[in-house]
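Geometric and topological summary
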Amino acid sequence: MNISIADLIIQIPVLLLALTAHEFAHGYVAYRLGDPTAKQQGRLTMNPLKHLDPLGTLAFILVKFGWAKPVPVNPVYFKNPKQDMLKVALAGPATNLVLAVVCAILAKAIVVIATLFPQSQLLASILIPLQTCFVYSVWINLILCIFNFLPIPPLDGGRIMTGLLPDHLAIKYVQLERYSFIIILLLLFTGILPKLIMPIINSATHFLLT
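Now for a description of the structure that goes with this document. Everything numeric in this text was worked out from a predicted model, so none of it was measured.

As a further point, take the nonpolar core. In summary, soluble globular proteins display a tendency toward joint burial of nonpolar side chains. Trp139, Ile140, Phe147, Leu150, Ile197 and Ile201 are the most contacted members of the largest nonpolar core, which has 32 residues in total. For this core, the secondary-structure elements that each account for two or more residues are helix H1 (5-32), helix H4 (81-116), helix H5 (121-148), helix H8 (180-189) and helix H9 (192-209). At 11 residues, H5 tops the list of elements feeding residues into this core. Beyond its immediate chain neighbours, meaning those up to four positions away, Ile201 contacts Trp139, Leu142, Ile143 and Ile146.

And the structure:
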């Protein structure tokens, strides 16, 4: 896979922001629901270095699917552990979706501004890279949103599924977590994962940017 330096210069900061916002959202919702664990461990922050998983970042650069270091959540602090864990799980993908929508609006706004000042070289030198950044941000945030909705523990989709299942089934379902990394790798390298979610990502990207 050929990846240009220019692409990396734009993609990596956008990726780090998307991953950081995702994990911060988990920690913030958990904190508001009574769990101080993320705050006590210094994870309730927008500092990307606190959330960075080197392997997950490298995986995203190489195969376009990656992850951050999960924010610690202790459901013991919750009044309604099952429902509150569901809210915490939804917070990450929902944040990425909101970021994707906002960046799509900004990317479209730049197109409008550029048409109003077509002869401005200075404006073009600023707006074109900025629009590219917003377009990448739409794409990356949609990847994180949709990838994390996969119903595989400990991905957010797995947490959501656990919260929706009856207790006796949820206990069994969460045991899949020990095999999650192997499952994801198999889905990825057999091509099933890209075929499953890339059409959704591409359709959502096209919808937001056109």
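On inspection of all chains with the given rule, the structure shows three salt bridges. A salt bridge links Lys87 to Asp84; the shortest N-O distance between them is 3.8 Å. Residue Lys87 and its partner Asp84 are both found in helix H4; the two are separated by three residues, about one turn of the helix. When its relative accessible area of 5% is taken as the criterion, Asp84 is described as buried. Residue Arg159 is joined to Glu177 by a salt bridge in which the shortest nitrogen-to-oxygen separation is 3.3 Å.

The rules behind these values
- Residues numbered from 1 in each chain as written.
- Predicted model: local features only at pLDDT ≥ 70, side-chain atom pairs only at ≥ 80, totals over all residues.
- Heavy atoms only, no water.
- Core = buried A, V, L, I, M, F, W, Y, C linked by side-chain atoms within 4.5 Å.
- Buried < 20%, exposed > 50% of the residue type's maximum accessible area, 1.4 Å probe, protein only.
- Helix = DSSP H or I, 4+ residues; strand = E, 2+ residues; numbered from the N terminus.
- Contact = heavy atoms within 4.5 Å.
- Salt bridge = Lys/Arg side-chain N within 4 Å of Asp/Glu carboxyl O.

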